[in-house]
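Remarks on the overall topology
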Amino acid sequence: PRSRTPCSYEAKRQVASINIYQAARINETMTTIGDDVAVEETTVPSTIEGDDFAIPIRIHLPPARDENDDAPPIRAAVFFIHGGIFYYGSRDCHPTVARGLAGLGLAVVTASFRQGEEGESRRTNVTTSDLGDVIDFVRGRWSDVPLGLVGSSSGGFFALALSQTLGPSAISFCVAICPVANPLERASYLRSCIAGNAKSDGYVNFHHPEKAADILRKQMVYWEDDESMARAGEFLGTKQRDVPTLLIVGSADKNVPFSVTKDVQSWAMRTIVVGGRGHELCFEVVEGGGYHCYLPDIDRFLDYCLSSNGGEGKGRIEEGREQVVASCSMSNRVCW
């Protein structure tokens, strides 16, 4: 496999945050970073036959409540699937979001899963397999607490699609932050920007043609054609499984306009629109609980999901994972 590069998507805005991880040691050694969030780094072996790739992951653990609290209780375990235009990214991406989620009492796992930058398209199913392997790891490591999925941007698509495939027996809740829930609608918007028609087509906030062309090019490396993107959008167009879902979007998002998430808005348990904010919601959390901080909304959502589950959402992933593998293994079909 190709060597992975740090997340270049909005990288300049994250340099200061990424630096907090420089002291973290590899191979499951522990360190403590800002906000007393403990971090582990390790790898998860790929289950693809003949594949020797080890998926790099980072684990963020809840902060201690006081100096005598060696093992803070874990409310739930989540796999936070980063964005990156279905093209790039790594476990290093969006550290403030991962830290913020850990601060809610969650064990948070991020991963450097393979996608477009490594030449993997949706036809190879390598991306889906990597995501499934990490979910299996999370479920095995924290088998006694509920399992949830959180995703941002393109990672929000994967979080939604996986939760709607695996169902409530495996996934207790899903949080999607500015998700590319309908890849074809996003591609149509980008093409409108490229053609210079975005304003006349009704978009209030939109990219310059050059920026839109770059995003579209990277997105198409993974999806390849409009037909596959249409199938993905259709899959999430209606609720497939009864997994509690929280949708968070920005009112000024140039990357994921409202039209991309409108179908999911129709069936998500709750949709939160953060006024005046754009795609930075995917990789920034307002420190200190500012008005635009959505962590309190996630906290309230978790209170509802975890109390209403009554423990039933701890999940059996085997049945749901078999459905994913079966749908991905067909040579003439792809997931979603």
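Residues numbered from 1 in each chain as written. Predicted model: local features only at pLDDT ≥ 70, side-chain atom pairs only at ≥ 80, totals over all residues. Heavy atoms only, no water.

**What to know about the overall build of the chain**
Which entries qualify depends on this criterion: Secondary structure elements follow DSSP: runs of H or I no shorter than four residues count as helices, runs of E no shorter than two count as strands, and numbering proceeds from the N terminus. Three exposure classes are used, based on accessible area relative to the maximum for each residue type with a 1.4 Å probe and protein chains only: buried under 20%, partly exposed in between, and exposed over 50%. Contacts are residue-level and defined by heavy atoms, with any inter-residue pair within 4.5 Å sufficient. Surface exposure here means Shrake-Rupley accessible area, sampled with a 1.4 Å probe, where a residue is shielded only by the protein chains that are shown.
Across its full length, the chain holds 10 helices and 9 strands. Counting the 336 residues in the chain, one finds 57% classified as buried. For the chain, restricting intrachain contacts to residue pairs at least 6 apart in sequence, the fraction spanning at least 24 positions comes to 74%. In the form shown here, the chain has an accessible surface area of approximately 14000 Å², with 48% of it arising from carbon and sulfur atoms.

**Observations regarding the pattern of salt bridges**
Test applied: Whenever a carboxyl oxygen of Asp or Glu lies within 4 Å of a side-chain nitrogen of Lys or Arg, that contact is scored as a salt bridge.
This structure, assessed with the given rule, holds 17 salt bridges. Here arginine 91 makes a salt bridge to glutamate 41, at a shortest N to O gap of 3.5 Å. Residue arginine 91 is located in the loop between strand 4 (76-81) and helix 2 (95-102), and its partner glutamate 41 is located in strand 2 (residues 38-45); the two are separated by 50 residues in the primary sequence. The same class applies to arginine 91 as to glutamate 41, namely buried. When salt bridges that share partners are traced, they join Glu41, Arg58, Arg91 and Asp92 into one network.

**Some points on the packing of aromatic side chains**
We apply this condition: Each aromatic pair joins two rings of Phe, Tyr and Trp (for Trp, the six-membered one) with centres within 6.5 Å, and gets the label stacked for planes under 30 degrees apart, edge-to-face for over 60, and tilted for any other angle.
One pass over the structure, following the stated rule, counts 12 aromatic pairs. Between phenylalanine 86 and phenylalanine 158, the aromatic rings sit 5.6 Å apart at their centres with planes inclined by 80°, giving edge-to-face as the arrangement. Of the two residues, phenylalanine 86 sits in the loop between strand 4 and helix 2 while phenylalanine 158 sits in helix 4 (residues 154-166), which places them 72 residues apart along the sequence. A relative accessible area of 0% means that phenylalanine 158 is categorised as buried. Considering the side-chain rings of phenylalanine 157 and tryptophan 223, the 5.4 Å spacing of their centres and the 80° angle between planes classify their relative orientation as edge-to-face. Linking phenylalanine 157 in helix 4 with tryptophan 223 in helix 6 (residues 209-223), this pair joins segments that are 66 residues apart in sequence. Assessed through its relative accessible area of 0%, phenylalanine 157 is described here as buried.

**Thoughts on the pairing of strand 8 (residues 245-250)**
Selection rule: A pair of strands counts as paired when DSSP detects no fewer than two bridges linking them. The definition of a right-handed crossover adopted here requires that, viewed with the strands pointing away, the path from the first strand over the helix to the second runs clockwise.
Counting buried residues along strand 8, 6 of its 6 residues qualify, which places the element largely inside the surrounding structure. The alternating pattern of strand 8 places Thr245, Leu247 and Val249 on one face and Leu246, Ile248 and Gly250 on the opposite face, and all of these are buried. Both strand 7 (residues 173-177) and strand 8 contribute to a ladder of 4 bridges, which runs parallel. Bridge pairing in strand 8 places isoleucine 177 opposite isoleucine 248. Pairing geometry for strand 8 and strand 9 (residues 270-274), over 5 bridges, is parallel. Residue pairing for strand 9: isoleucine 248 is matched across the bridge by isoleucine 272. Handedness of the β-α-β unit built from strand 8, helix 8 (residues 258-267) and strand 9 comes out right-handed.

**A short note on helix 5 (residues 183-194)**
Using the following cut-off: Take the number of residues in a helix, subtract one, and multiply by 1.5 Å to get its expected span.
In a regular helix each residue adds 1.5 Å, so 12 residues correspond to 16 Å; helix 5 covers 16 Å between its end C-alpha atoms and thus fits that length. The inward-facing, buried residues of helix 5 abut helix 4, helix 6, helix 7 (226-235) and helix 8. Positive backbone phi, at 80°, marks glycine 196, one or two positions downstream of helix 5.

**Here we look at the confidence of the model for the chain**
Where we set the bar: Each residue gets a pLDDT score, which is the predictor's confidence in that residue and runs from 0 to 100.
Per-residue confidence for the chain averages 82 on the pLDDT scale, and 77% of its residues sit at or above 70. A low-confidence stretch, residues 325-334 stays under pLDDT 50, and its non-local contacts, those more than four residues away or across chains, total 10 contacts.

**Some words on the nonpolar core**
Defined as follows: Remark: nonpolar core denotes a set of buried residues (Ala, Val, Leu, Ile, Met, Phe, Trp, Tyr, Cys) joined through side-chain atoms within 4.5 Å.
Grouped together as the largest cluster of nonpolar side chains are 62 residues, with contacts concentrated most on Phe79 and Trp142. The leading source of residues in this core is helix 4, at 7 residues. Setting aside anything within four residues of it in sequence, one finds tryptophan 142 in contact with Ile59, Leu61, Ile74, Ala77, Ala107, Val109 and Phe137. In this structure, Ile177, Cys178, Val274 and Val285 belong to the second largest nonpolar core, which totals 32 residues.

**Digging into the packing of helix 3 (residues 126-141) against helix 4**
What counts here: Fitted lines through C-alpha atoms serve as axes, helices being fitted only where they are in contact, and the angles separating the N-to-C directions of these axes extend from 0 to 180 degrees. Roughly parallel here means an angle under 35 degrees, roughly antiparallel means over 145, roughly perpendicular means 65 to 115, and every remaining angle is called oblique. Two helices that cross are described as forming a left-handed crossing if the nearer one is turned anticlockwise from the farther one by less than a right angle, and a right-handed crossing if clockwise. Basically, the charged four are Asp, Glu, Lys and Arg, the nonpolar ten are Ala, Val, Leu, Ile, Met, Phe, Trp, Tyr, Cys and Pro, and anything else, Gly included, counts as polar.
Axis separation between helix 3 and helix 4 bottoms out at 12 Å; the angle between their running directions is 70°. The orientation of helix 3 with respect to helix 4, classified from their angle, is roughly perpendicular. Where helix 3 crosses over helix 4, the two elements pack in a sense that is right-handed. Between helix 3, through Thr127, Leu131 and Ile135, and helix 4, the contact on the second element is made entirely by Phe158, Leu162 and Leu166. Considering only residue class, the contact of helix 3 with helix 4 consists of 5 nonpolar, 1 polar and no charged.

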